[in-house]
Amino acid sequence: MVNNASVILSIVDRLGPDFAQRSATRARISPDPCLPARLPTTGFLQREAEQNAPKAVLRQLRRSPTPPLSPTTECHDVTDDTPPHPGRRDSVSSNPDQSSPTRALAGIFSRSQPSGSWKEPQPFEVFRAIERKDIMFLMEVRDRAFPLLLRKTGDATPLLHAMRIGQSHRDVAILLLGAFSRWINHLEDSEIGLPRTRVVLKALRTNLKLGIDYGLHKSQSDLVASFMQTLVMSEGDKWIRAQVSSVSLALRSGNAGKPVSTAEAAVRKFATKELSKADAIAALEDYVANATVDLLLLGAWAIALESIEGEQIPMTELSKAFTDRVNAHQAAIRRALSRRLKWQLRVLQTVLEGRNTTYRRKVEILTEELDDGDGL
C-alpha cells in the first residue's frame, strides 16, 4: 500500500493556509421544501375516462379510413347483396314482421283464438276483471272485442281504472298497454283510412293521454315513456317516414345540417304537441333520447339503401338490426357509399356499442361529433 499523505499535504500548502478553514465554513443551503400536487381521485379519473374515451374513438374514426374487409366477410356480403326478387325492394309496411315499433310486445301477448261460443261482455265485467287481475279474460276481450278495452264508462277507462288502483295493478296496466301496441302493429295500410279504424285510433290516443295525465298528477311517471312510444306508433308510418326524410336530408348536409338536433327537435315537437307538461316529464327524456337515436339510424340507413341493395330496418330491436345490416353489407358499403356517409355509419355503430352508456349520453356524444365536430 502506498502512503500518499505527503502528496496531499503539499497540495494543501499550495492552495493556501486558509483552505481547510474555508472548506469548513461553507454556507449551508437553506431548506426549501415543496409538496407535489395532489393526485386526482380514482373516481375523477374514471369519470374523465368515460367522458373522453368515446370522443377519442370518434376522432380516430374521422381520421382513419374504413377498415379493410376479411375474405369471409366479402364472400358473405356478395351472397347477401343478391336479393331474392331483383328490382324489388321490401318496404316497411309490406313485411308483417317489420310494420311496427313494438312487434316484440305482440309476441308476449299472442295466443290462439279461444274456441266455443263467446258473448261480448259488458263494460262492468271488464272493470271487474281488472280488479281481479283476470288476465285470461282480458286477453280474450283483446282478441274478440278490442274496443271494449278503450271504452270510457263514467269518468274512467280500463287503463285509467288499473292505474287508479295503484302499484298492485301495475302489471295489468302494462298488459293493457301491450294490447294497444299489438292492435296498432296488426293494422294494415289499407285499414288506416277506414272510418271505424279512425274511431278506434282516436279512442286509443285518448286513453294514452288520460293515462299520461293521471301518471303525472299522481307522480307515477314510470310508464309515461311507454305511453308516449305507443302514442307515436298510433300516428302510423306516415309520421315516422316524414321525420326519417328530414333527418336524411340533415345527414346529407353533414355537420351543417345538424342531424342530431333535427331528430331531437322532431321528437320534442311531437311530445309538446301531445302533452302540455312535456318539458316537466323527467321520464320522457329517456324516450326522447332513445327516439332521437332511432331516427338517426333510420335516416342513415335510408340514404344507404339508395346506393346498395338491402332490407329496410324493422322497428323492433332497431339498434341490433342496424348493426347487423351494416356488418352484413360492408363490402357494398365500401364500394357504393360516399366517404361522409361511411363515416356517419361508423360513428353511429361505435356509439351504439356502449351498453353501459345511457341514451342521453349517447345523444350528447353524437351531437358533439355529428353536429358540432369537424365533420367530413
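Residues numbered from 1 in each chain as written. Predicted model: local features only at pLDDT ≥ 70, side-chain atom pairs only at ≥ 80, totals over all residues. Heavy atoms only, no water.

### Things to note about the overall build of the chain
And then number 1: The helix and strand inventory of the chain stands at 19 helices and 0 strands.
And then number 2: In the chain, which comprises 376 residues, the proportion classed as buried is 43%.
And then number 3: Partitioning the contacts of the chain with sequence separation of at least 6, the portion at a separation of at least 24 is 73%.
And then number 4: For the chain, the accessible area works out to roughly 21,600 Å², and carbon and sulfur atoms hold 54% of it. (Helix = DSSP H or I, 4+ residues; strand = E, 2+ residues; numbered from the N terminus. Buried < 20%, exposed > 50% of the residue type's maximum accessible area, 1.4 Å probe, protein only. Contact = heavy atoms within 4.5 Å. Areas by Shrake-Rupley, 256 points an atom, 1.4 Å probe, with all protein chains shown as cover.)

### Section: the nonpolar core
And then number 1: By size, the foremost hydrophobic cluster in this structure holds 82 residues, and its most contacted members are Phe146, Leu149, Trp301, Phe322 and Leu366.
And then number 2: Ranked by residues supplied to this core, first place goes to helix α15 (residues 282–304) with 14 residues.
And then number 3: Sequence-distant contacts of Trp301, defined by excluding residues within four places in its chain, comprise Ile308, Glu311, Gln312, Ile313, Phe322, Arg325, Val326, His329 and Ile333. (Core = buried A, V, L, I, M, F, W, Y, C linked by side-chain atoms within 4.5 Å.)

### A look at the side chain of Gln349
And then number 1: Mapping Gln349 onto the fold places it in helix α18 (residues 339–352).
And then number 2: Overall, Gln349 belongs to the buried group, its relative accessible area being 11%.
And then number 3: Within the structure, the side chain of Gln349 is placed 2.8 Å from the side chain of Asn327, a separation counted as a polar contact. (Polar contact = N/O pair within 3.5 Å; in protein donor to acceptor, adjacent residues only side chain to side chain.)

### Overview of the packing of helix α16 (residues 318–328) against α18
And then number 1: It is at 11 Å that the axes of α16 and α18 come closest, and there the two elements cross at 130 degrees. Comparing the axis directions of α16 and α18 gives the class oblique. At the point where α16 passes α18, the crossing takes the left-handed sense. Between α16 and α18, the residues in contact are Ser319, Phe322, Thr323, Val326 and Asn327 and Leu345, Leu348, Gln349 and Leu352, respectively.
And then number 2: Classifying every residue of the contact of α16 with α18 gives 5 nonpolar, 4 polar and no charged. (Axes fitted to C-alpha atoms, helices over the stretch in contact; angles between N-to-C directions. Parallel < 35°, antiparallel > 145°, perpendicular 65-115°, else oblique. Left-handed = near helix turned anticlockwise from the far one by under 90°. Nonpolar A, V, L, I, M, F, W, Y, C, P; charged D, E, K, R; others polar.)

### Re helix α19 (residues 359–371)
In an α-helix, one turn spans 3.6 residues; hence positions three or four apart end up facing the same way.
And then number 1: Across its 13 residues, α19 extends 17 Å between first and last C-alpha, which sits within 8% of the 18 Å expected from 1.5 Å per residue.
And then number 2: All of the buried residues along α19 are Arg361, Lys362, Val363, Ile365, Leu366, Thr367, Glu369, Leu370 and Asp371. (Expected span 1.5 Å × (residues − 1).)

### Digging into the environment of Ala250
And then number 1: Take Ala250: it is sitting in helix α13 (residues 237–252).
And then number 2: Residue Ala250 is classed as buried on the basis of its relative accessible area of 6%.

### Concerning the confidence of the model for the chain
And then number 1: Averaged over every residue, the pLDDT of the chain is 77; the share at 70 or more is 73%.
And then number 2: In the model, residues 70–115 has pLDDT below 50 throughout and makes 83 contacts with residues more than four positions away in sequence or in other chains. (pLDDT = per-residue confidence, 0-100.)

### Topic: the packing of aromatic side chains
And then number 1: Across all of its chains, the model carries 3 aromatic pairs by this definition.
And then number 2: Residues Phe146 and Phe180 carry aromatic rings whose centres are separated by 6.1 Å and whose planes lie at 90 degrees to one another, so their mutual orientation is edge-to-face. Note that Phe146 is positioned in the loop between α7 (135–144) and α8 (158–165) and Phe180 in helix α9 (residues 170–185), a separation of 34 residues in sequence.
And then number 3: Residue classification places Phe146 among the buried residues on the basis of a relative accessible area of 6%. (Phe/Tyr/Trp six-rings, centres within 6.5 Å; stacked < 30°, edge-to-face > 60°.)

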